[in-house]
Amino acid sequence: SGVMETSNDQSIVGVQNYLEKAAQNLKPIVPIKFHISSRTDSGVHALSNSAHLDIQRAPGKPAFNEKELVYSLNYHLKPEPIRILNAHRVTDSFHARFSALSRTYVYRLLIGCAHYSEIPVFERDLCWAPVGGCLNVPAMRDAAQFLLGTHDFSTFRSLNSETPFQSPVRTILQVDIRPSSGFLSHHYEHRGLEFWELKFRSRSFLYRQVRRMVGALVAVGQGKLTPHHIKELLERKDSRAFPPNAMAPPSGLFLKSVEY
């Protein structure tokens, strides 16, 4: 349902709501707020996101150690597909979102499906299978080079309430396109399905920027765009210039890590 907290009148519940509900079982004096590094959208996954929180315990109660905190929160998160992996004590000046040096996202593609019904059931909602056979990966890699470095990414962002207050300039530190393995894929190699991963690293990304970049690169792989079209889209600096219906779906996107 996305990371961000949702209000009581909304039918979907954000990851933040579950975290804060679990944290209330630690019996803090003041309700605990989670400040989450990367605000992933509904349908997007995280292999490892990060957050910071302050805990005020009753007078005389010792501070939690890291292991206690991880075990306690996970005990109360048990029913949900959310797990705390690690906890570290940090200084007051640390901020999970603003102290990050970079964020790495991985987008998983499944190639070789003529119809969505051919996606392995164990991979449902965990990848994108663009219809239409193989992709021209060398052309996609050529196109990806235009995205590297510092650019105005206005064409590659979706508009939201933050758009007027946010600079569209971002620096892409890394773009990789490489073969990958699927879950249990060695058991159905005979079906001719191929998994590929697109990896992007930047200090921060604009709203839906990664999904738009992936969609444009896949369009290059399908021959609908040329690598040079990516350069032209960047130069347009206009979100309306982005090809209609080319944005990749959220299902294949994973926040891999946040680096400090």
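Computed from a predicted model, the values in this text were never measured in an experiment.

Draft legend 1. Molecular detail of the UniProt feature "domain: Pseudouridine synthase I TruA alpha/beta" (unreviewed entry) in the protein chain. Per the UniProt entry, the sites bearing "domain: Pseudouridine synthase I TruA alpha/beta" (unreviewed entry) are residues 143–260 in this numbering. Annotated as residues 143–260, this span is 22% helix and 27% strand, and its ends, taken at the C-alpha atoms, are 29 Å apart.

Draft legend 2. Broad picture of the environment of Lys199. Position of Lys199 among the secondary structure elements: in strand 7 (residues 194–202). In the structure, Lys199 is positioned 30 residues away from Val169 in sequence and 19 Å away in space, judged by C-alpha atoms. Lys199 has contacts with Thr104, Tyr105, Val106, Gln174, Val175, Asp176 and Lys256, leaving out every residue within four places of it along the chain.

Draft legend 3. Summary view of the pairing of strand 7. Pairing between strand 4 (residues 102–111) and strand 7: nine bridges, direction antiparallel. Counted as the bridge partner of Tyr107 is Leu198 from strand 7. When strand 6 (residues 169–180) meets strand 7, the two strands line up antiparallel, connected through eight bridges. Directly across from Val175, in strand 7, lies its bridge partner Phe200.

Draft legend 4. Quick look at the pattern of salt bridges. Scanning the entire structure with this criterion turns up nine salt bridges. Between Lys33 and Glu5 there is a salt bridge, with its nearest N and O atoms 3.0 Å apart. Of this pair, Lys33 sits in the loop between helix 1 (15–24) and strand 1 (35–36) while Glu5 sits in the segment before helix 1; the two residues are 28 residues apart in sequence, bridging distant segments of the chain. For Lys33, a relative accessible area of 39% corresponds to the partly exposed category. Judged by its relative accessible area of 40%, Glu5 falls in the partly exposed class. Its salt-bridge partner being Asp238, residue Arg240 comes within 3.2 Å of it at the nearest N-O pair. Classification of Asp238 as partly exposed rests on a relative accessible area of 22%. By sharing partners, the salt bridges in this structure join Glu5, Glu20 and Lys33 into a single network.

Here is what the cut-offs are and how they apply
Numbers given to residues run from 1 along each chain, matching the order in which its sequence is written. Totals for whole chains, interfaces and linings use every residue, but because this is a predicted model, local features are given only for residues with pLDDT of at least 70 and side-chain atom pairs only at 80 or more, for both listing and counting. Computation of side-chain values covers all heavy atoms of the structure but excludes hydrogens and water. UniProt positions are given in the numbering used here, feature names are shortened, and annotations may be inferred rather than shown by experiment. Note on conventions: DSSP H or I runs of at least 4 residues are helices, E runs of at least 2 residues are strands, and numbering of each starts at the N terminus. The contact rule is simple, with two residues in contact once any of their heavy atoms fall within 4.5 Å. A strand pair is defined by DSSP finding two or more bridges across the two strands. Criterion for a salt bridge: a side-chain nitrogen of Lys or Arg within 4 Å of a carboxyl oxygen of Asp or Glu. Note on exposure labels: buried denotes an accessible area under 20% of the residue type's maximum, exposed denotes more than 50%, and partly exposed covers the range between, all computed with a 1.4 Å probe on protein chains only.

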